[in-house]
Amino acid sequence: MSLLQFTNKGIYCPQGNFYIDPWQPVDYALITHAHGDHARWGSRHYLAHEVSRPIMQARLGADISIETLPYGVTKVINGVKVSLHPAGHIVGSAQIRMEYNGFVSVASGDYKVENDHISTPLEIVKCNEFVTESTFGLPIYNWLDQRQMFNNIKNWISGNRHNQRTSIFIAYSLGKAQRLMKGLEGVAPILVHSSIDRLNKAIESAGIELPETSLWHADIPKTDVQGNIVILPPSLLGTNVIKRIPNGAIAICSGWMQVRGSRRWQSADAGFAVSDHADWQGLLDTIKATGAEQVFVTHGYTATFSKYLNEIGISAKEVATQYGNDEEAEAADLEAKEEGVV
């Protein structure tokens, strides 16, 4: 038995007649989280976690038809019991649990095992079949302890301030930026790009408290920026805009920096492996803990990861999807190919 079909529109539950994170418009879309590769415009009706509502409205339009649930509350859709459970990926991210005639399927979306103190931490959900990502599904990806990682970042900022340099962080606007804000709260004043500020306001409107920030813009006085922290989206990396920040030192924050570390890339001065995805061991630990008899491996290193799962006795199949088109997933794939690890 299975509750899932993998179609050209997305992951489909025929018993409930709904899709999960579809990449084409459908009548009823259940959404794991508000990143653009999982929450797409055009569906007739959406169901997501309550924190995701204002984020999805900011990204897809205020007039979308959207229903929300808190974590752990069950809704019956055409006889299928549906509930949302924390994925720990970004604020509002959820694993979607489906139960029909005693059979349980879980679509995890993206997830991470560390508590970033912004997102609700990952919950292990027991199931018969489990859909997992594999964005960093290679043994080379093993993250530093979060405290050590932020200590390294804080030491870099301290050195920059000593040299009267501005610490510029390149980070995905939804998820990564807020994690940096939380981890660096109180270290120095934080300024953010308008795209991050807009999402911060959406997140705060859902009742999530974020650290205090100021809006950065290209014409801001030098005295308001120098020696402080500026967080910008990846789209500005390598542009003339970034050169207008006085005495800037640039750090890229992404899981793929695990491979290249602090070596220079696109004029960056440093790199930190800050990821909102599970690393190799996190993926394995989560999958084993679910007790799933069947695992479906999506977006990332699907061939390598599913092959390894089968070798250790966990039945796994590769599934082609259109997920993983955010900056971090794309960069991880590019970087690994450049380094010759795939």
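None of the values given here were measured: they were computed from a predicted structure. (Residues numbered from 1 in each chain as written. Predicted model: local features only at pLDDT ≥ 70, side-chain atom pairs only at ≥ 80, totals over all residues. Heavy atoms only, no water.)

Caption draft 1: Up close: the overall build of the protein. Each helix and strand in the protein was counted, giving eight helices and 19 strands. Radius of gyration (C-alpha) of the protein: 20 Å, near the 20 Å computed for a compact globule of 342 residues. Each of the 342 residues in the protein was classed as buried or not, and the buried ones make up 58%. The contacts in the protein between residues at least 6 apart in sequence include a share of 60% that link residues at least 24 apart. (Helix = DSSP H or I, 4+ residues; strand = E, 2+ residues; numbered from the N terminus. Rg over C-alpha atoms; globule rule 2.2 N^0.38 Å. Buried < 20%, exposed > 50% of the residue type's maximum accessible area, 1.4 Å probe, protein only. Contact = heavy atoms within 4.5 Å.)

Caption draft 2: Representation of the nonpolar core. In terms of nonpolar packing, the biggest core is built from 46 residues, with Met-56, Ile-153, Phe-169, Leu-180, Leu-184 and Ile-231 touching the most fellow members. At five residues, helix α2 (residues 146-162) tops the list of elements feeding residues into this core. Once residues lying within four places of it in the same chain are set aside, the contact partners of Phe-169 are Ile-153, Trp-156, Ile-157, Leu-180, Leu-184, Ile-229, Val-230, Ile-231, Leu-232, Ala-251, Cys-253 and Phe-272. Counting 24 residues, the second-largest nonpolar core is a separate cluster that includes Leu-4, Tyr-28, Leu-84 and Ala-94. (Core = buried A, V, L, I, M, F, W, Y, C linked by side-chain atoms within 4.5 Å.)

Caption draft 3: Seen up close, the confidence of the model for the protein. Residue-level pLDDT values for the protein average 91, and 92% of them are 70 or greater. The low-confidence segment residues 327-342 (pLDDT under 50) makes 40 contacts with residues lying over four places distant or belonging to another chain. (pLDDT = per-residue confidence, 0-100.)

Caption draft 4: Here's a closer look at the packing of aromatic side chains. Going through the model one piece at a time under the given rule, you end up with 12 aromatic pairs. Here the aromatic rings of Trp-156 and Phe-169 are separated by 5.5 Å at their centres, their planes lie at 70°, and the arrangement is edge-to-face. Taken together, the residues Trp-156 in helix α2 and Phe-169 in strand β12 (residues 166-170) connect sequence positions 13 residues apart. Residue classification places Trp-156 among the buried residues on the basis of a relative accessible area of 17%. Linked through ring pairs, Phe-136, Tyr-141, Trp-143 and Tyr-301 together constitute an aromatic cluster. (Phe/Tyr/Trp six-rings, centres within 6.5 Å; stacked < 30°, edge-to-face > 60°.)

Caption draft 5: Spatial organisation of the sheet that holds strand β4 (residues 28-30). Spatial strand order, β1-β2-β3-β4-β5-β6: six strands in an open sheet with mixed pairing. Edge positions in the sheet fall to β1 (5-6) and β6 (66-69), since each of these pairs with one other strand and no more. Two strands pair when backbone bridges link them, and strand β3 (residues 18-20) and β4 are joined in this way by two bridges, in the parallel orientation. Along β4, the bridge assignment pairs Ile-20 with Leu-30. Running over the sheet, helix α1 (residues 52-60) touches β5 (45-49) and β6 and is turned about 135° from β5. (Pairing = 2+ DSSP bridges. Axes fitted to C-alpha atoms, helices over the stretch in contact; angles between N-to-C directions.)

Caption draft 6: Broad picture of the sheet that holds strand β8 (residues 80-86). An order of β7-β8-β9-β10-β11-β18-β19 is seen for the seven strands of this open sheet, with the pairing classed as mixed. Whereas interior strands pair on both sides, the edge strands pair on one side only; in this sheet they are β7 (75-77) and β19 (315-318). Strand-to-strand twist across the sheet, computed as the mean angle between neighbouring axes with direction ignored, equals 25°. Note: strand β18 (residues 294-300) against β19, four bridges, orientation parallel. What sits directly across from Val-295, in β19, is Ala-316.

Caption draft 7: Molecular detail of the state of the cysteines. In the structure shown here, the tally under the stated rule is zero disulfides. The thiol sulfur of Cys-127 is not disulfide-bonded, and the nearest other cysteine sulfur, from Cys-13, lies at 14 Å. (Disulfide = S-S within 2.5 Å.)

Caption draft 8: Broad picture of the pattern of salt bridges. Tallied over the full model, the rule gives 11 salt bridges. Notably, a salt bridge pairs Asp-27 with Arg-44, separated by 3.6 Å at the nearest N-O pair. Residue Asp-27 is located in the loop between β3 and β4, and its partner Arg-44 is located in the loop between β4 and β5; the two are separated by 17 residues in the primary sequence. The partner of Glu-99 in a salt bridge is Arg-97, with the nearest N and O atoms 2.9 Å apart. Within the structure, one salt-bridge network assembled from shared partners comprises Lys-112, Glu-114, Asp-116, Arg-179 and Asp-276. (Salt bridge = Lys/Arg side-chain N within 4 Å of Asp/Glu carboxyl O.)

Caption draft 9: Looking closely at the environment of Leu-210. Note that Leu-210 resides in the loop between α4 (194-205) and β14 (214-215). With 43 residues separating them in the primary sequence, Leu-210 and Ser-167 have C-alpha atoms 20 Å apart. With residues up to four places along the chain from it excluded, the contact list for Leu-210 reads Ile-118, Gln-178, Met-181, Asn-200, Ile-203 and Glu-204.

Caption draft 10: How the structure looks around helix α3 (residues 176-183). When you tally the buried positions in α3, you get seven out of eight residues, the bulk of the element. Those residues of α3 that fall on the buried side of the exposure criterion are Lys-176, Ala-177, Gln-178, Arg-179, Leu-180, Met-181 and Gly-183.

Caption draft 11: Structural view of the side chain of Ser-52. Summarising the element assignment, Ser-52 is placed in helix α1. Excluding residues within four positions of it along the chain, Ser-52 makes contact with Val-91 and Gly-92.

Caption draft 12: Local environment of the packing of α2 against α3. The N-to-C vectors of α2 and α3 enclose an angle of 80°; their axes lie 11 Å apart at closest approach. Comparing the axis directions of α2 and α3 gives the class roughly perpendicular. For the pair α2 and α3, contact is made by Gln-146, Met-149, Phe-150, Ile-153 and Lys-154 and by Arg-179, Leu-180 and Gly-183, respectively. The class makeup of the residues in the contact of α2 with α3 is four nonpolar, two polar and two charged. (Parallel < 35°, antiparallel > 145°, perpendicular 65-115°, else oblique. Nonpolar A, V, L, I, M, F, W, Y, C, P; charged D, E, K, R; others polar.)

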